[in-house]
Number of protein chains: 2
Amino acid sequence: MSAPGNSSPVLDKACQEALAALVGSDAVLIDAADRAAYETPARYAGGTAAAVVRPATTAEVSAVVGYCVRNGLPFLPQGANTGLAGGSTPDAGGGQIVLSLDRLTAPLEIDVDDRTATVGAGVRLSALNAALEPHGLFLPIDLGADPSLGGMAATNTGGARFLRYGDMRRHVLGLEVVLADAAGTVLTLSHGLRKDNAALALRQLFVGGCGAFGVITKVTVEVHHRPRQSAAALLIPRDADAVLPLLLAFEAQAGASLSAFEGMSKAAMTRAIDHVPSLSNPFAGGVVPDYAVLVELTRTWAPREGEASLDEVLQQIAGEVLERDDSPLTDALFGPAEKMWALRHGLSEGLRASGPVVGFDLSFRRRDLARFRREAVLMLEADFPDYALCDFGHVADGGVHFNLVGPTDPERRAMLREAVLGLAVDGFSASFSGEHGLGRAFQDAYDRFIPRLVQDYSAAVAAVFGAGSAAVRLGPALKS
Amino acid sequence: MSAPGNSSPVLDKACQEALAALVGSDAVLIDAADRAAYETPARYAGGTAAAVVRPATTAEVSAVVGYCVRNGLPFLPQGANTGLAGGSTPDAGGGQIVLSLDRLTAPLEIDVDDRTATVGAGVRLSALNAALEPHGLFLPIDLGADPSLGGMAATNTGGARFLRYGDMRRHVLGLEVVLADAAGTVLTLSHGLRKDNAALALRQLFVGGCGAFGVITKVTVEVHHRPRQSAAALLIPRDADAVLPLLLAFEAQAGASLSAFEGMSKAAMTRAIDHVPSLSNPFAGGVVPDYAVLVELTRTWAPREGEASLDEVLQQIAGEVLERDDSPLTDALFGPAEKMWALRHGLSEGLRASGPVVGFDLSFRRRDLARFRREAVLMLEADFPDYALCDFGHVADGGVHFNLVGPTDPERRAMLREAVLGLAVDGFSASFSGEHGLGRAFQDAYDRFIPRLVQDYSAAVAAVFGAGSAAVRLGPALKS
């Protein structure tokens, strides 16, 4: 699909020169080799960009967006290009301009008293956390990538500590955005206040908006005190139905020190243990159970004299739960938190190393998790015995990475996708994108599962702000 | 202003009969005596309603809204009428219909496993919490009134435990709304999922939307495990500049068990102690300090054997902070939490009993709190020596009830309001409505302080959903 040589497949010389005049010629990538990294997503198929434009300031973003809108050039905002929904990479048509925000790395301002940080959209999570670390602070969104803050806001990133800290929406205190109109209007939405109900919540549209309402150029986030103690264990629930009672027991007994409750299926754990060389099997006799939960407790303070350690607290809670009549727990393994997390973080790599993965980022009311899994297993056994279910997820917030490993035949994959999403969304009112946001890869699901009325209103609201970006087609009212 | 006798000042007989046909004649209040409770707000001046209409179901709300829109009758949604922004009571014109949701008290469904509740918009916070209590759960929005859940969602209520639990936005997992269009369109926005990024965040517009986008009829909220231990203390900071370092020390040392950090000025405390008969003076020798902070720690679990009690933890933290060089703390008083909270909760009553109050619900970046207070005190001493500053507030989230007691002369009050809001909003980018939402009483502030561009986009977005309600005029694009 990629155009050979030095010329853009679609963008004419005049447009290239006009863009270069706005941001400098070094910041307009036309060559296929230069474009490649911006065209290849972390998941799903890549495409071909007409060009990659890399403005370095909000003013330059505004100029580029305005130029694109006035000239009818579709564009796609891109942060660190780590998204899992195809929202930041162009399609195969070669007609979309990638608007990369990776040079928007200023400001990176930390206000310790305010416990906030204000950063350019291109600042990476790792860079922000490195700057926060000396102050004992961090942005507690934990995920297996290093996204940009703009991308995190645009996709409303969740992650493994959602149950304790919530998603990006909970942390975004202010945004600067550039609207996709002919003027490239710059809008400042709040100034970093924790509470503000003096105006309507326009800012909230841009969080998770995936570019539909405009381009995020600056973000103010609330940050937190870093934990100074942590303890983790692997819990073995009695059976699938015991996972939720187990969670409720830990929620009540550990309160807000409960910072992770990650479910892992046997198939997912086995693949990680078998295929990730650095991992050792943590289970007694090497027997991997049907299901395990990684539970983590954290505290922001250093150990105090006379205070039970978190390891002791965790053992005490697990012990109490184990002793209950009809206990939801059959065993608990204690050990270094890093070792437990290594298993959890090794799941995705283990799956990929074991075969081609069909990934799902589903979200349920958590009471539905066990029943969905039961019904899905029956359906998969009957209709898709050639796929192995290797699910894992964030039980406490209802999120499941309901991933399968199996054949790559596109038609068969499409049938599998249809069957899983149909059961989840039609049968359980689940979300087909719990924490990965919206993108090209989910267009068909959006068209099929989002109620027409919601599509129509979304498109009409987006139209208020301009032409939107090309990441997703919201509905007939916007672009048909 | 109120019309005498049995007839509505504006609504003609045909309209009265049409509304009665939709909801039953008992649910259309025309008599002045029947309307009175719905016309009188908790703060600011009341007005006169053309009628009060009390639908009992979403279908009836839809029918009433559709009828009003088709016939050009302005209406105002009202929950429990406890708001502090004049958003739920009619103006003096007599032309607005109050759409009371107080009969929408079904459903009241609790899902213990899911830790969620789904309720009709008219369900009161006290009723929800009474139903949750046997399950050890509660909705942790703590405030000095008993609002309806619909009203809480529409105004994005905050409260005294915001620092631990956040506002309503953080808790609302799903909404059912009726749009102000000719059809009274019913829109369901999510089904109670904790994570859902498969569609755009239209729901977020309605949270804090104060009726501008439509009428909330049903709410799903996340609820929490109730604390089973709590401890409180009154902290005496060294001076105004020490409040923030004190907060940061407690945030780091108490982590998420820190559930309140409420600042109280000497003037506010003195008025409460002097005017609320049930209160006793908690300070040594009865000497009220210049400023005090009510700090509270809570835990969701029952005391464990061998575990330090929360009282001990609180004393330990305060002791450590007291011993620091250049400590931000000069003293700490310990005692029963109820006694500490009685003082905090008595502040509003104490102020009212001591004289006429001019209330402000300001919100700052918390780093600006001390500097604003200093500048405001100088300004008040110079220009408004006849008003006594009796401020108190939620330090951790930047909220200040910057209340003053003094003359009722309308012109002088208007000047005071102008001076305080001007300093706060123009000087510090503060919000003039941190947690009370938008309403008629803040129309002038909205018009003056909200940037024209934000007003225009807000009005345009609201117009997408229909005519909106009459609570606030958003901008020239909506209603002029």
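Residues numbered from 1 in each chain as written. Chains lettered and ligands numbered in written order. Predicted model: local features only at pLDDT ≥ 70, side-chain atom pairs only at ≥ 80, totals over all residues.

## Considering the overall build of chain A
Scanning chain A from N- to C-terminus turns up 17 helices and 21 strands. Viewed in the frame of its principal axes, chain A has a C-alpha envelope of about 75 × 55 × 45 Å. (Helix = DSSP H or I, 4+ residues; strand = E, 2+ residues; numbered from the N terminus.)

## Some details on the interface of chain B and chain A
Taken together, the 73 residues of chain B in the interface contact 73 residues of chain A. Of all the elements in the fold, those that place two or more residues in the side of chain B that touches chain A are helix H8 (202–206), helix H9 (243–254) and helix H17 (452–464) of chain B. Per-element tally for the side of chain B that touches chain A: the top contributor is H17(B), with seven residues. When grouped by side-chain class, the residues that make up the side of chain B that touches chain A number 28 nonpolar, 28 polar and 17 charged. (Contact = placed C-beta atoms within 7 Å. Nonpolar A, V, L, I, M, F, W, Y, C, P; charged D, E, K, R; others polar.)

## Re unusual backbone geometry
Cis peptide bonds are those with omega within 30 degrees of zero, and the linkage from A:Ala106 to A:Pro107 qualifies with -5°. A positive phi angle, near 50°, is found at A:Cys210, a position not held by glycine. Checked against the element boundaries, A:Cys210 lands in the loop between helix H8 (202–206) and strand E10 (215–222). On the basis of neighbour counts, which here come to 28 C-beta atoms within 10 Å, the residue A:Cys210 falls in the buried class. With a phi angle near 55°, B:Arg115 is a residue other than glycine that sits in the positive phi range. Its 22 C-beta neighbours within 10 Å are what place B:Arg115 among the buried residues. (Buried ≥ 20, exposed ≤ 12 C-beta atoms within 10 Å, placed from the backbone.)

## Brief notes about the environment of A:Ala292
Here A:Ala292 shows up in strand E14 (residues 291–299). The spatial distance from the C-alpha of A:Ala292 to the C-alpha of A:Gly120 is 39 Å, given a sequence separation of 172 residues.

## Points about the domain arrangement of chain A
All names here are of chain A. You can read the domains of chain A as domain 1 (13–100), domain 2 (108–225), domain 3 (229–347) and domain 4 (355–437). For domain 3 and domain 4, the distance between their C-alpha centroids amounts to 24 Å. Domain 3 puts 15 residues into the contact, and the matching count from domain 4 is 14 residues. Taken together, the elements giving at least two residues each to the side of domain 3 that touches domain 4 come down to helix H9 (243–254), strand E13 (258–265) and helix H10 (266–275). Top contributing element to the side of domain 3 that touches domain 4 by residue count: E13, with five residues. (Domains from an automatic or database assignment.)

## A look at the sheet that holds strand E17 (residues 361–363) of chain B
Residues and elements named next belong to chain B. Ordered by their spatial adjacency, seven strands build an open sheet running E15-E12-E14-E13-E19-E20-E17, and the pairing between neighbours is antiparallel. Looking at which strands have only one partner, the edges of the open sheet turn out to be strand E15 (329–335) and E17. Ignoring strand direction, the axes of neighbouring strands in this sheet form an average angle of 25°. By the bridge criterion, three bridges tie strand E19 (residues 392–394) to strand E20 (residues 399–401) in an arrangement that is antiparallel. The residue bridging Phe392 from the neighbouring strand is His401, located in E20. (Pairing = 2+ DSSP bridges. Axes fitted to C-alpha atoms, helices over the stretch in contact; angles between N-to-C directions.)

## Concerning the relation of the copies chain B and chain A
Relative to chain A, chain B is turned by 180° and slid 0.0 Å along the rotation axis, the superposed coordinates differing by an RMSD of 0.0 Å. Here the symmetry operator amounts to a two-fold rotation axis. (Least-squares fit on C-alpha atoms with pLDDT ≥ 70 in both.)

## Points about helix H15 (residues 410–428) of chain B
Residue and element names in this part refer to chain B. For H15, with 19 residues, the first-to-last C-alpha span of 26 Å sits near the 27 Å given by 1.5 Å per residue. Within H15, burial applies to Leu416, Val420, Leu421, Ala424 and Phe428. Looking one or two residues past H15, Ser429 carries a phi angle of roughly 50°, positive in sign. (Expected span 1.5 Å × (residues − 1).)

## Considering the packing of helix H1 (residues 13–23) of chain A against helix H3 (residues 58–70) of chain A
Residue and element names in this part refer to chain A. It is the contact of H1 with H3, at a shortest axis distance of 9 Å, that shows an interaxial angle of 160°. By the angle between their axes, H1 is roughly antiparallel relative to H3. For the element pair H1 and H3, the recorded crossing hand is right-handed. Contacts between H1 and H3 involve Ala18, Leu19, Leu22 and Val23 from the former and Glu60, Ala63, Val64 and Tyr67 from the latter. (Parallel < 35°, antiparallel > 145°, perpendicular 65-115°, else oblique. Left-handed = near helix turned anticlockwise from the far one by under 90°.)

## A word on the packing of helix H14 (residues 369–383) of chain B against H15(B)
All names here are of chain B. In contact at an axis separation of 11 Å, H14 and H15 are set at 150° when each is read in the N-to-C sense. The orientation of H14 relative to H15 falls into the category roughly antiparallel. Crossing of H14 over H15 shows right-handed handedness. Taking contact as the criterion, the partners of Phe372, Glu375, Ala376, Met379 and Asp383 in H14 are, on H15, Ala419, Val420, Leu423, Ala424 and Phe428. Across the contact of H14 with H15, the residue classes break down as eight nonpolar, no polar and two charged.

## A word on the environment of B:Leu279
Residues and elements named next belong to chain B. With respect to the secondary-structure elements, Leu279 resides in the loop between helix H10 (266–275) and strand E14 (291–299). For Leu279, a count of 19 C-beta atoms within 10 Å puts it in the partly exposed group. Remark: the alpha-carbon pair of Leu279 and Gly350, spanning 71 residues in sequence, is separated by 10.0 Å. The contacts of Leu279, once residues within four sequence positions are left out, are Ala272, Ile273, Ala342, Leu343 and Gly346.

## Here's the deal with the sheet that holds strand E8 (residues 172–178) of chain A
For sheets, the rule is that strands pair by backbone hydrogen bonds, running either parallel or antiparallel. All names here are of chain A. An order of E5-E6-E10-E8-E9 is seen for the five strands of this open sheet, with the pairing classed as antiparallel. Because the sheet does not close on itself, it has two edges, and the strands there are strand E5 (108–111) and strand E9 (186–189). Direction aside, neighbouring strands of the sheet carry axes that sit 10° apart on average. Across four bridges, E8 lies against E9 in antiparallel orientation. Looking at the pairing, Glu176 lines up with Thr188 of E9. Helix-sheet contacts for helix H4 (residues 125–132) involve E5 and strand E6 (116–120), and the interaxial angle to E5 is about 40°.

## Considerations on the environment of B:Val65
Residues and elements named next belong to chain B. The residue Val65 is located in helix H3 (residues 58–70) in this model. The spatial distance from the C-alpha of Val65 to the C-alpha of Leu258 is 44 Å, given a sequence separation of 193 residues. With near-sequence residues (within four places) excluded, Val65 lies in contact with Val178, Ala180, Gly184 and Val215.

## A closer look at the confidence of the model for chain A
Residues and elements named next belong to chain A. Residues with a pLDDT of 70 or more make up 96% of chain A, whose mean pLDDT is 93. When the criterion is pLDDT under 50, residues 1–6 qualifies, and its contacts beyond four places in sequence or with other chains add up to 13 contacts. For this predicted complex, the interface confidence comes out at an ipTM of 0.95, alongside a pTM of 0.95. (pLDDT = per-residue confidence, 0-100.)

## Topic: helix H14 (residues 369–383) of chain A
Residues and elements named next belong to chain A. When the terminal C-alpha atoms of H14 are compared, their 21 Å separation across 15 residues agrees well with the 21 Å that a helix rising 1.5 Å per residue should span. Along H14, the residues classified as buried are Leu369, Phe372, Arg373, Ala376 and Leu380. Projection of H14 onto a plane perpendicular to its axis shows the buried side chains occupying an angular sector of 95°, all on one side. In H14, the exposed positions angled more than 90 degrees off the buried face are occupied by Arg374, Leu378, Glu381 and Ala382. Those residues of H14 hidden inside the fold are in contact with strand E18 (388–389), strand E20 (399–401) and helix H15 (410–428). (Arc of directions from axis to C-beta.)

## A short note on the pairing of E8(A)
Residue and element names in this part refer to chain A. Along E8, seven of the seven residues are buried, which leaves the element largely enclosed by surrounding structure. In the sheet, E8 pairs with E10 via six bridges, with the strands oriented antiparallel. Paired with Gly174 across the two strands is Thr220, which belongs to E10.

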